[in-house]
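Structural description and commentary
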Amino acid sequence: MTKYLLMMTTALFALFATVSTATAHDHGMKKDDIVDIAASNGSFNTLVAAVKAAGLVDTLKGEGPFTVFAPTDEAFAKLPEGTVEMLLQPENKDKLVAILTYHVVAGKVMAADVVKLDSATTVQGQDVDIKVMGDTVMVNQANVVATDVVGKNGVVHVIDQVILPN
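Thresholds applied
- Residues numbered from 1 in each chain as written.
- Predicted model: local features only at pLDDT ≥ 70, side-chain atom pairs only at ≥ 80, totals over all residues.
- Heavy atoms only, no water.
- Salt bridge = Lys/Arg side-chain N within 4 Å of Asp/Glu carboxyl O.
- Helix = DSSP H or I, 4+ residues; strand = E, 2+ residues; numbered from the N terminus.
- Buried < 20%, exposed > 50% of the residue type's maximum accessible area, 1.4 Å probe, protein only.
- Axes fitted to C-alpha atoms, helices over the stretch in contact; angles between N-to-C directions.
- Parallel < 35°, antiparallel > 145°, perpendicular 65-115°, else oblique.
- Left-handed = near helix turned anticlockwise from the far one by under 90°.
- Contact = heavy atoms within 4.5 Å.
- Nonpolar A, V, L, I, M, F, W, Y, C, P; charged D, E, K, R; others polar.
- Core = buried A, V, L, I, M, F, W, Y, C linked by side-chain atoms within 4.5 Å.
- Pairing = 2+ DSSP bridges.

Here we come to the pattern of salt bridges. As enumerated under the stated definition, the model contains two salt bridges in all. Note that Asp 33 and Lys 61 form a salt bridge whose closest N and O atoms lie 2.9 Å from each other. In this pair, Asp 33 sits in the loop between helix H1 (2–25) and helix H2 (34–41) while Lys 61 sits in the loop between helix H4 (57–60) and strand E1 (66–71), placing the two residues 28 residues apart along the sequence. On the accessibility criterion, Lys 61 (33% relative accessible area) is partly exposed. In this structure, the salt-bridge partner of Lys 61 is Asp 36, at a minimum N-O distance of 2.7 Å. Taken together, the residues Lys 61 in the loop between H4 and E1 and Asp 36 in helix H2 connect sequence positions 25 residues apart. One network of salt bridges, in which partners are shared, links Asp 33, Asp 36 and Lys 61.

Below you can see the structure in the form of structure tokens.
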């Protein structure tokens, strides 16, 4: 339970830091795109490294809009030892692209809309399951721990696990 509370506190702190940064940029300036949001947050270093290794930076900085279910560094750390390092190797780029695009849905789907869905089709092509149980929202087996971090080309929802396509 303590680990869970620590994770939730960390995720909420990350959300507030991101929202504060995004709000500060709203005064006469364009908001950051979803890649910049992740890069400036500090909780998504592994995700940003993976996006770079997969060659998806320009795509995710594009017009969009995109909805990204963004796993934190702690979510990547839950993968079996050596998995991230293996995926970042150039010869595994196709597998990495498939995993990352499985975390992206075309369009801007805010939390109020996500909770009305049973599933969503990802950019990778497969669907993710969406479950709402009281105050908990899950995308496949991952809990959504922060929502509606808005960028100029989409929205980020923070999840606590890396979700994997079939």
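Turning to the packing of helix H3 (residues 45–53) against helix H7 (residues 93–101), a few remarks are in order. At their nearest, the axes of H3 and H7 sit 9 Å apart, and the two run at 125° to each other. Taken together, the axis directions place H3 and H7 in an arrangement best described as oblique. Viewed along their axes, H3 and H7 form a crossing whose handedness is left-handed. Residues Leu 47, Ala 50, Val 51 and Ala 53 of H3 touch H7, and the partners they reach there are Lys 93, Leu 96 and Leu 100. Grouping the amino acids of the contact of H3 with H7 by side-chain chemistry returns six nonpolar, no polar and one charged.

Take unusual backbone geometry next. In the segment running from Gly 64 into Pro 65, the intervening peptide bond is cis, with an omega of 5°. Positive phi outside glycine occurs at Asn 140, with the angle close to 50°. Within the secondary structure, Asn 140 sits in the loop between strand E5 (136–139) and strand E6 (142–151). Even without being a glycine, Asp 148 presents a positive backbone phi close to 55°. Looking at where Asp 148 falls in the secondary structure, it is placed in strand E6.

Moving on, we come to H3. Every buried residue belonging to H3 is among Thr 46, Leu 47, Val 48, Ala 50 and Val 51, and all of these are buried. Considering only its buried residues, H3 is in contact with H2, H4, E1, helix H5 (73–77), helix H6 (83–87) and H7. Among the residues trailing H3, Gly 55 stands out with phi positive, at a value near 75°.

The next point concerns the nonpolar core. Grouped together as the largest cluster of nonpolar side chains are 30 residues, with contacts concentrated most on Leu 47, Leu 60 and Leu 100. For this core, the secondary-structure elements that each account for two or more residues are H2, H3, E1, H5, H6, H7, E6 and strand E7 (154–159). Contact partners of Leu 100, with chain neighbours within four places excluded, come to Leu 47, Ala 50, Val 51, Ala 54 and Leu 56. In this structure, Val 114, Ile 130, Ala 142 and Ile 163 belong to the second largest nonpolar core, which totals 14 residues.

Pairing in this open sheet of seven strands is mixed, and the strands run E2-E1-E7-E6-E5-E4-E3 from one edge to the other. Since the sheet does not close on itself, it has two edges, and those belong to strand E2 (104–106) and strand E3 (119–121), each with one partner. Going across the sheet, the axis of each strand differs from the next one's by a mean of 30°, ignoring polarity.

All right, on to the environment of Val 109 then. Along the chain, the position of Val 109 falls in the loop between E2 and helix H8 (111–114). For Val 109 and His 157, which are 48 residues apart along the polypeptide, the C-alpha to C-alpha distance reads 9.5 Å. With residues up to four places along the chain from it excluded, the contact list for Val 109 reads Thr 67, Val 114, Leu 117, Val 155 and His 157.

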